[in-house]
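Spelled out from the first residue to the last, the chains are:
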Amino acid sequence: MATNKKYINCGLLNIQSVGNKTETIRELIKEKSFDIFALCETWLNSDDKTKIGKMLPSTHTFHHTPRPRQDTKGYGGVGIFLSKCFTHIRKKRTGTFSSFEYLNIDFNHSCEKI
(Lines give C-alpha, C1' and ligand atoms only; values in the text may rest on other atoms or scores of the structure.)
Protein backbone atom coordinates (compact mmCIF):
# COMPACT_ATOMS: atom_id res chain seq x y z
CA MET A 1 0.00 0.00 0.00
CA ALA A 2 2.29 2.76 -1.24
CA THR A 3 1.69 6.39 -0.43
CA ASN A 4 2.95 9.72 -1.72
CA LYS A 5 2.20 11.56 1.52
CA LYS A 6 5.00 13.87 2.57
CA TYR A 7 3.92 14.06 6.19
CA ILE A 8 3.06 11.62 8.96
CA ASN A 9 0.20 12.42 11.35
CA CYS A 10 1.12 11.29 14.90
CA GLY A 11 -0.53 11.21 18.30
CA LEU A 12 0.38 10.18 21.85
CA LEU A 13 -1.94 9.50 24.77
CA ASN A 14 -1.45 8.37 28.35
CA ILE A 15 -4.52 6.14 28.35
CA GLN A 16 -4.33 4.78 31.94
CA SER A 17 -5.87 1.46 30.87
CA VAL A 18 -7.39 0.67 27.51
CA GLY A 19 -9.98 -1.37 29.48
CA ASN A 20 -13.33 0.21 28.60
CA LYS A 21 -11.85 2.68 26.07
CA THR A 22 -11.22 0.30 23.16
CA GLU A 23 -13.92 1.64 20.84
CA THR A 24 -13.05 5.25 21.72
CA ILE A 25 -9.41 4.60 20.78
CA ARG A 26 -10.41 3.04 17.43
CA GLU A 27 -12.70 5.98 16.61
CA LEU A 28 -10.06 8.55 17.64
CA ILE A 29 -7.51 6.99 15.27
CA LYS A 30 -10.02 7.15 12.42
CA GLU A 31 -11.32 10.65 13.24
CA LYS A 32 -7.85 12.21 13.53
CA SER A 33 -6.40 10.13 10.65
CA PHE A 34 -3.39 9.15 12.73
CA ASP A 35 -0.66 7.31 10.85
CA ILE A 36 1.11 6.65 14.15
CA PHE A 37 -0.73 6.64 17.46
CA ALA A 38 1.21 5.75 20.61
CA LEU A 39 -0.22 4.83 24.00
CA CYS A 40 1.46 4.70 27.37
CA GLU A 41 0.01 3.11 30.51
CA THR A 42 -1.99 0.62 28.43
CA TRP A 43 -2.31 -1.80 31.36
CA LEU A 44 -2.48 -4.61 28.78
CA ASN A 45 -1.21 -8.13 29.32
CA SER A 46 0.48 -10.12 26.58
CA ASP A 47 -2.71 -12.19 26.16
CA ASP A 48 -5.29 -9.35 25.89
CA LYS A 49 -6.18 -10.20 22.29
CA THR A 50 -9.88 -9.33 22.70
CA LYS A 51 -9.17 -5.77 23.89
CA ILE A 52 -6.57 -5.32 21.15
CA GLY A 53 -9.02 -6.54 18.51
CA LYS A 54 -11.71 -4.11 19.66
CA MET A 55 -9.46 -1.06 19.49
CA LEU A 56 -7.59 -1.94 16.27
CA PRO A 57 -8.87 -0.31 13.06
CA SER A 58 -8.52 -2.43 9.93
CA THR A 59 -6.19 0.26 8.54
CA HIS A 60 -3.52 -0.23 11.22
CA THR A 61 -1.31 -2.77 12.96
CA PHE A 62 -0.73 -2.76 16.72
CA HIS A 63 2.47 -3.53 18.60
CA HIS A 64 2.93 -3.41 22.35
CA THR A 65 5.14 -4.19 25.29
CA PRO A 66 3.24 -5.00 28.49
CA ARG A 67 4.71 -4.64 31.95
CA PRO A 68 6.25 -7.95 33.04
CA ARG A 69 3.82 -10.27 34.85
CA GLN A 70 5.79 -10.27 38.11
CA ASP A 71 4.62 -6.70 38.64
CA THR A 72 1.31 -7.41 40.38
CA LYS A 73 0.01 -3.83 40.12
CA GLY A 74 -1.00 -4.38 36.49
CA TYR A 75 -0.04 -0.86 35.49
CA GLY A 76 2.38 0.24 32.80
CA GLY A 77 2.81 -0.98 29.26
CA VAL A 78 3.21 0.86 25.98
CA GLY A 79 1.65 0.33 22.58
CA ILE A 80 1.71 1.82 19.11
CA PHE A 81 -0.69 1.76 16.18
CA LEU A 82 0.99 1.97 12.78
CA SER A 83 -0.86 2.67 9.55
CA LYS A 84 -0.65 -0.13 7.01
CA CYS A 85 0.96 2.42 4.65
CA PHE A 86 4.18 1.59 6.52
CA THR A 87 6.08 -1.43 5.28
CA HIS A 88 8.82 -3.71 6.58
CA ILE A 89 7.65 -3.29 10.18
CA ARG A 90 10.06 -5.00 12.53
CA LYS A 91 9.85 -4.98 16.31
CA LYS A 92 13.33 -5.21 17.77
CA ARG A 93 14.22 -6.32 21.30
CA THR A 94 17.28 -4.60 22.68
CA GLY A 95 16.95 -5.14 26.43
CA THR A 96 14.63 -5.01 29.41
CA PHE A 97 14.34 -2.57 32.27
CA SER A 98 12.61 -2.99 35.61
CA SER A 99 11.32 0.58 35.85
CA PHE A 100 9.78 1.17 32.40
CA GLU A 101 8.67 -0.45 29.15
CA TYR A 102 9.52 0.65 25.62
CA LEU A 103 9.18 -0.33 21.97
CA ASN A 104 11.93 -0.26 19.38
CA ILE A 105 10.38 -0.57 15.92
CA ASP A 106 11.84 -0.07 12.45
CA PHE A 107 9.59 0.52 9.46
CA ASN A 108 9.61 2.07 6.01
CA HIS A 109 7.57 4.96 4.67
CA SER A 110 7.83 5.92 1.01
CA CYS A 111 11.05 3.89 0.70
CA GLU A 112 12.61 5.70 3.69
CA LYS A 113 13.60 3.72 6.78
CA ILE A 114 12.21 5.18 10.02
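Presented here is a report on the structure given in the accompanying data block. Note that this is a predicted model, so its numbers are computed, not measured. (Residues numbered from 1 in each chain as written. Predicted model: local features only at pLDDT ≥ 70, side-chain atom pairs only at ≥ 80, totals over all residues. Heavy atoms only, no water.)

## Quick look at the environment of Asn104
Here Asn104 lies in strand S6 (residues 104-109). Apart from residues no more than four positions distant in its own chain, Asn104 is found in contact with Arg90, Lys91, Lys92 and Thr94. (Helix = DSSP H or I, 4+ residues; strand = E, 2+ residues; numbered from the N terminus. Contact = heavy atoms within 4.5 Å.)

## So, the sheet that holds strand S7 (residues 112-113)
An order of S5-S6-S7 is seen for the three strands of this open sheet, with the pairing classed as antiparallel. Edge positions in the sheet fall to strand S5 (87-92) and S7, since each of these pairs with one other strand and no more. As paired elements, S6 and S7 share two bridges and run antiparallel to each other. Within the sheet, the bridge partner assigned to Asn108 lies in S7 and is Lys113. (Pairing = 2+ DSSP bridges.)

## Comments concerning helix H1 (residues 22-32)
Those residues of H1 that sit buried are Thr22, Ile25 and Ile29. In a view along the axis of H1, the buried residues occupy a sector of 65°, so they form one face of it. Away from its buried face, by an angle of more than 90 degrees, H1 presents the exposed residues Glu23, Thr24 and Glu31. Buried residues in H1 make contact with strand S2 (36-40), helix H2 (49-55), strand S3 (60-65) and strand S4 (78-83). With its phi angle positive at about 55°, Ser33 sits one or two positions after the end of H1. (Buried < 20%, exposed > 50% of the residue type's maximum accessible area, 1.4 Å probe, protein only. Arc of directions from axis to C-beta.)

## Thoughts on the environment of Leu39
Structurally, Leu39 can be placed in strand S2. The class of Leu39 is buried, set by a relative accessible area of 2%. Apart from the residues within four sequence positions on either side, Leu39 is in contact with Leu13, Ile15, Val18, Ile25, Gly77, Val78, Gly79 and Phe81.

## Observations concerning the nonpolar core
In this structure, Ile15, Val18, Ile25, Ile29, Phe34, Phe37, Leu39, Leu44, Ile52, Met55, Phe62 and Phe81 together form the largest nonpolar core, which totals twelve residues. Mapped by element, the contributors of at least two residues to this core are H1, S2 and H2. Residues contacting Val18, with those up to four places away along its chain left out, are Ile25, Leu39, Thr42, Leu44, Lys51 and Met55. (Core = buried A, V, L, I, M, F, W, Y, C linked by side-chain atoms within 4.5 Å.)

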